Amino acid sequence: MRTWVQSVHDFGHAHLLKFWNELGPEERNHLAGQIQSIDFQELADLFAGVEKAIDWTELSNKAIAPAAIRLNDPNPKYSMDDARECGEKAIRDGKIGMILVAGGQGTRLGFDLPKGMFRIGPVSNRSLFAMHADSLRGAMRRYSVSIPLYVMTSPATDLQTREYFSQHQSLGLNKGELIVFCQGTMPAIDASTGKVLMDSSSNIALSPDGHGGIVSALDRQGILKSASDRGIEHFFYAQVDNPLVRACDPLLIGYHLLSKSQLTTQVVKKRFGREKVGNVVSLDGRTHIIEYSDLPDEAADRTNADGELSLWAGNIAVHAMELNFLAASAKNADGLPFHRARKAVPFLNDEGIVEKTSSPNAIKFERFVFDLLPLADRTMVVEGDAADVFAPVKNAEGALTDTPTTSQNAVVAQHKRWLEQSGVSVSPSVKVEINPHWALDAEEVRMKIQRSSSILVDTYFA
Ligand code: UTP
């Protein structure tokens, strides 16, 4: 069998050991460990692009809209009341856990700390982590149950995330309700030579292996087993950058359970064909996501006889997932393909100096959680109203969409709607924010607020 040193040479990565003689014992150990965890054959294959090229035009021509629970469907397969009741019962019975993925590097936002620590509360100035924790505590209060929160970090965010939770008393979550676990990594390679990049003489430039890395991370770290031992049967999954997510949304969980789905996806109706969201589609009877960058314009713009977009369903990365399905998928985690992204990555040059570049010199490899969809035999797609479910923080201030301001505006607008539906008048220039621990939805606001009151200054209901 090849030793790791042989592999390094055989696969053309001898540069990784160029400064070996200058390293101390700890640095050598660290570097050797990193090298041993790399599958050089896999990297060579990924660089060579030996995986089957996909003909997106052909696929998109075959793609049709997925079967879905639509908003305002006059003949819904399941009634909203039945779904909500079913979801609420599963939550009360302790069968639901929440997964929050927070391992991304948040490059577009340009925030140096983990994105979950970004302050987004329009009046409260709460962080994204705090908004999710409050939302989950709101659900625990309503359903009188303890719900575990599983936060996925990456080496880029792990330490600061753990410190943040510990400095903030786990944001009100009780012992055992917060489980932080770290995803795996993939080496970045030089885009023109395929060589593994280093960012110091003893460290390989590793980046998180994508949100799809969750499947193997959950399995490897025994989380599927411990969750199952505590009675969890399904997870509610969300991304840390969307503060409009309602933690453990009982309606989504209810539709997921009633349809016996293994993997359920919440979608919103695309505003226009070429909108930059993943397209949830059905292909040969399986659910897939075609990324906007892969969808040819003709397919993106295609309409039905009624003038509606044929491929209308935009992915917002909120899912309900059956634990057993994740466990089965983990056995086959290599089945999730890697996607490549060209990125600018600082690297150690031949002289041993770290070079920073603004051009995309490197290829990073990521797995995507939605590639689980075609592996599931039973899926469900549920439409939500974007104004109530989707306001991600992706870009820095100044961009047209998905900025801190657009996200905050969406939170304020939702909470204003809830207050106004209760007969409260809110001055147009005023910001309002409702902590889910105070009220989880419009109904609860109605029970708590005095009708006919007026709000004239920025107000935080907590
Ligand atoms: P994005 O794809 O938006 O990436 O992640 P990002 O890292 O937040 O931002 P950019 O692209 O660098 O600007 C969507 C969600 O998936 C999580 C992120 O934390 C975010 O909640 N994610 C992403 C992971 O948990 N791990 C990853 O490897 C990538």
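Above: the structure in question.
What you see is a predicted model; the values in this text were computed from it and never measured.

Trainee: I'd like to hear about the site of the ligand, residue by residue, with values.
Mentor: Near the ligand there are 18 residues, and of these Gly103, Thr107, Arg108, Gln183 and Lys394 occur at the shortest range. Between Gly106 and the ligand, the recorded distance is 3.0 Å, taken from a backbone N or O atom to an oxygen atom. Note that an oxygen atom of the ligand is positioned 2.3 Å from one of the side-chain N or O atoms of Thr107. Notes on the ligand: free accessible area 560 Å², of which the protein chains cover 89%. Taken together, the residues of the shell around the ligand sort by class into 5 nonpolar, 9 polar and 4 charged.

Trainee: Could you give an account of the sheet that holds strand S18 (residues 362-366), naming the residues involved and the relevant values?
Mentor: Strand order in this open sheet of 3 strands is S6-S18-S15, and the pairing throughout is antiparallel. Whereas interior strands pair on both sides, the edge strands pair on one side only; in this sheet they are strand S6 (189-190) and strand S15 (339-343).

Trainee: So, the pattern of salt bridges: which residues are in play, and what are the values?
Mentor: Enumeration according to the criterion identifies 23 salt bridges in this entry. Its salt-bridge partner being Glu433, residue Arg126 comes within 2.6 Å of it at the nearest N-O pair. Of this pair, Arg126 sits in the loop between strand S2 (96-101) and helix H6 (128-143) while Glu433 sits in strand S21 (residues 432-434), and the two are 307 residues apart along the sequence. For the pair Arg126 and Glu433, a shared accessibility class is recorded, and that class is buried. Ionic pairing is found between Glu443 and Arg446, a salt bridge with its closest N-O pair at 3.6 Å. Placement of the pair is Glu443 and Arg446 together in helix H15 (residues 442-448), with a separation of 3 residues, close to one helical turn. Owing to a relative accessible area of 51%, Glu443 belongs among the exposed residues under this scheme.

Trainee: Describe in detail the pairing of strand S3 (residues 149-153), supporting the description with residues and values.
Mentor: The buried fraction of S3 amounts to 5 of the 5 residues, a majority that puts the element mostly inside the structure. Here S3 shows a buried face lined by Leu149, Val151 and Thr153 and a second buried face lined by Tyr150 and Met152. Note that S2 and S3 share 4 bridges and pair parallel. Bridged to Met98 within S3 is Leu149. Once you follow S2 into H6 and on to S3, the crossover reads as right-handed. With 5 bridges connecting them, S3 and strand S4 (residues 178-182) associate as parallel partners.

Trainee: Account for the nonpolar core, naming residues and giving values.
Mentor: With 52 residues, the main nonpolar core has Met98, Phe129, Leu136, Phe236 and Cys248 as its most contacted residues. Of the residues forming this core, the biggest block, 9 residues, is contributed by H6. Cys248 has contacts with Ile91, Ile96, Met98, Leu136, Ile147, Phe236 and Ile253, leaving out every residue within four places of it along the chain. In this structure, Ala227, Ile232, Phe325 and Phe368 belong to the second largest nonpolar core, which totals 35 residues.

Trainee: With reference to specific residues and values, describe unusual backbone geometry.
Mentor: Here the phi dihedral of Ser144 falls at roughly 45°; this positive angle occurs in a residue that is not glycine. In this structure, Ser144 sits in the loop between H6 and S3. Of note in the backbone geometry, Ala317 takes a positive phi value of approximately 65° without being a glycine. Within the fold, Ala317 resides in strand S14 (residues 313-322). What makes Ala317 buried here is its relative accessible area of 9%.

Trainee: Residue-level account of the layout of surface pockets, with values.
Mentor: Volume-wise, the second largest pocket comes out at about 1200 Å³. Forming the walls of the second largest pocket are 49 residues, and the residues nearest its centre are Arg84, Arg246, Asp249, Leu251 and Asp388. Put simply, the parts of the chain that give the lining of the second largest pocket at least two residues each are helix H5 (80-92), H6, helix H10 (250-258), strand S19 (379-383), helix H13 (386-389), helix H14 (404-421) and H15. With 6 residues, H14 is the largest single contributor of residues to the lining of the second largest pocket. Here the lining of the second largest pocket is built from residues that sort into 25 nonpolar, 8 polar and 16 charged.

Trainee: Talk me through the side chain of Asn361; I want residue IDs and the actual numbers.
Mentor: Position of Asn361 relative to the elements: it lies in the loop between strand S17 (354-355) and S18. Overall, the relative accessible area of 15% leaves Asn361 in the buried class.

Reading guide: rules and limits
- Residues numbered from 1 in each chain as written.
- Predicted model: local features only at pLDDT ≥ 70, side-chain atom pairs only at ≥ 80, totals over all residues.
- Heavy atoms only, no water.
- Near = heavy atom within 4 Å.
- Polar contact = N/O pair within 3.5 Å; in protein donor to acceptor, adjacent residues only side chain to side chain.
- Areas by Shrake-Rupley, 256 points an atom, 1.4 Å probe, with all protein chains shown as cover.
- Nonpolar A, V, L, I, M, F, W, Y, C, P; charged D, E, K, R; others polar.
- Pairing = 2+ DSSP bridges.
- Helix = DSSP H or I, 4+ residues; strand = E, 2+ residues; numbered from the N terminus.
- Salt bridge = Lys/Arg side-chain N within 4 Å of Asp/Glu carboxyl O.
- Buried < 20%, exposed > 50% of the residue type's maximum accessible area, 1.4 Å probe, protein only.
- Right-handed = clockwise from strand over helix to strand, strands pointing away.
- Core = buried A, V, L, I, M, F, W, Y, C linked by side-chain atoms within 4.5 Å.
- Contact = heavy atoms within 4.5 Å.
- 1 Å grid on protein atoms, 1.4 Å probe; cavity = no way out; pocket = protein on both sides within 12 Å on 5 of 7 lines; lining within 4 Å.
- Points joined across faces, edges and corners; volume = space filled by probe spheres on them.

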